[in-house]
Amino acid sequence: MDKKYTAIVLAAGKGTRMGSKTHKQYLLLNDKPVLYYSLKAFQDSDIDEIILVTGKDEVSYCQKEIVDKYRLTKVVKTVEGGAERYDSVFCGLQAVENTDYVLIHDGARPFLDGQILERCKKAVQKDGACVVGMPTKDTIKIADEKGYAADTPRRDLVWNIQTPQCFTYPLIYNAYKEMMSKRAEYQNQNITDDAMVVEYFSKHPVKLVEGSYRNIKITTPEDLQIAQLFVEELKK
Ligand code: CTP
Ligand code: MG
């Protein structure tokens, strides 16, 4: 039987680093919200369904102004997220019913494309856990507490990690369940992606899959300017 794939799209953040009045996932790119593009990539793929995770006060706005308006029919549920990204992921995981694979994606990453999704599907079928990323272009340095260079990892082994992050459902759900049961212990550890949760709470290796240098996350105002250029190009 065909395996079922569920995307969890995260849009419950407050966009502190963007500093805009409107949360960054709802800012407009060519008249459509950033989040629309992230959802549309899954809508146009052969992923089976989408669970959208948003802020408490944004559930009905998202449903009406994004999901219904743009006929994103694969969105089966819009649920409320939590205080940290990992809280929102856990809300999404709990809302999933009966699936084989989950693809967790930042709603603030609008340039996901079908080719990346194909690579993700292949890799997660083979390895059970994979995350998208790209080799770093800059040299990375590890700083000491005083702000001096302490170490320089080999650049050819350093990747910038993006999303989707894809796992078999039981693997990611059990890893998250364990972390959430010890949430107080982990809340200061800066858990910034899903692979970290799998690395901490299972021995399952996580494969790195090629994403794209366009698959940027809208984080600061500069990213929005770059994103404007990218959407102009998509229009052509
Ligand atoms: N996210 C979420 N719930 C949270 C925090 C983040 O669903 N409690 C989502 C964001 O909406 C975003 C993705 O996770 O799509 C990546 O997070 P990030 O870029 O850090 O977004 P924000 O947390 O909103 O931004 P900032 O860290 O600058 O406040
Ligand atoms: Mg954040």
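Residues numbered from 1 in each chain as written. Chains lettered and ligands numbered in written order. Predicted model: local features only at pLDDT ≥ 70, side-chain atom pairs only at ≥ 80, totals over all residues. Heavy atoms only, no water.

### Side note on the pattern of salt bridges
Consideration 1: Applying the stated criterion to the full structure yields twelve salt bridges.
Consideration 2: Across the salt bridge formed by Asp 44 and Lys 40, the nearest N and O atoms sit 3.3 Å from each other.
Consideration 3: Its relative accessible area of 55% is what places Asp 44 among the exposed residues.
Consideration 4: The exposure class of Lys 40 is partly exposed, given its relative accessible area of 29%.
Consideration 5: The partner of Asp 46 in a salt bridge is Lys 121, and the shortest N-O contact between them spans 3.0 Å. Here Asp 46 is found in the loop between α1 (34–43) and β4 (49–54), whereas its partner Lys 121 is found in helix α4 (residues 114–127), with 75 residues between them in sequence.
Consideration 6: Note on Asp 46: relative accessible area 45%, which makes it partly exposed.
Consideration 7: Residues joined by salt bridges that share partners form a network here, namely Arg 85, Asp 106, Arg 109 and Asp 194. (Salt bridge = Lys/Arg side-chain N within 4 Å of Asp/Glu carboxyl O. Buried < 20%, exposed > 50% of the residue type's maximum accessible area, 1.4 Å probe, protein only. Helix = DSSP H or I, 4+ residues; strand = E, 2+ residues; numbered from the N terminus.)

### Regarding the environment of Val 96
Consideration 1: Along the chain, Val 96 falls in the loop between α3 (85–95) and β6 (101–106).
Consideration 2: When the C-alpha positions of Val 96 and Asp 223 are compared, they lie 31 Å apart, and in sequence the two are 127 residues distant.
Consideration 3: In contact with Val 96, other than residues within four places in its own chain, are Thr 6, Ile 8, Ile 51, Val 102 and Tyr 169. (Contact = heavy atoms within 4.5 Å.)

### Brief notes about helix α8 (residues 221–235)
Consideration 1: Between its terminal C-alpha atoms α8 stretches 22 Å, which fits the 21 Å expected from 15 residues at 1.5 Å a residue.
Consideration 2: Along α8, the positions that sit buried rather than exposed are Asp 223, Leu 224, Ala 227, Phe 230 and Val 231. Seen along its axis, α8 keeps its buried residues to an arc of 120 degrees; they face one direction. Facing away from the buried surface of α8 by more than 90 degrees, the exposed residues are Gln 225 and Leu 229.
Consideration 3: Close packing links the buried residues of α8 with β2 (28–29) and α1. (Expected span 1.5 Å × (residues − 1). Arc of directions from axis to C-beta.)

### Thoughts on the sheet that holds strand β1 (residues 5–11)
Consideration 1: An order of β5-β4-β1-β6-β10-β7-β11 is seen for the seven strands of this open sheet, with the pairing classed as mixed. The sheet terminates laterally at β5 (75–80) and β11 (207–210), the two strands that pair on one side only. Taking each pair of neighbouring strands and ignoring which way they run, the sheet shows an average axis angle of 25 degrees. (Pairing = 2+ DSSP bridges. Axes fitted to C-alpha atoms, helices over the stretch in contact; angles between N-to-C directions.)

### Describing the environment of Met 179
Consideration 1: Here Met 179 shows up in helix α5 (residues 169–181).
Consideration 2: Sequence separation of Met 179 and Phe 201 is 22 residues, and the distance between their C-alpha atoms is 7.4 Å.
Consideration 3: Contact partners of Met 179, with chain neighbours within four places excluded, come to Tyr 86, Tyr 186, Ile 191, Val 197 and Phe 201.

Just geometry here; none of it tells us what the structure is for.
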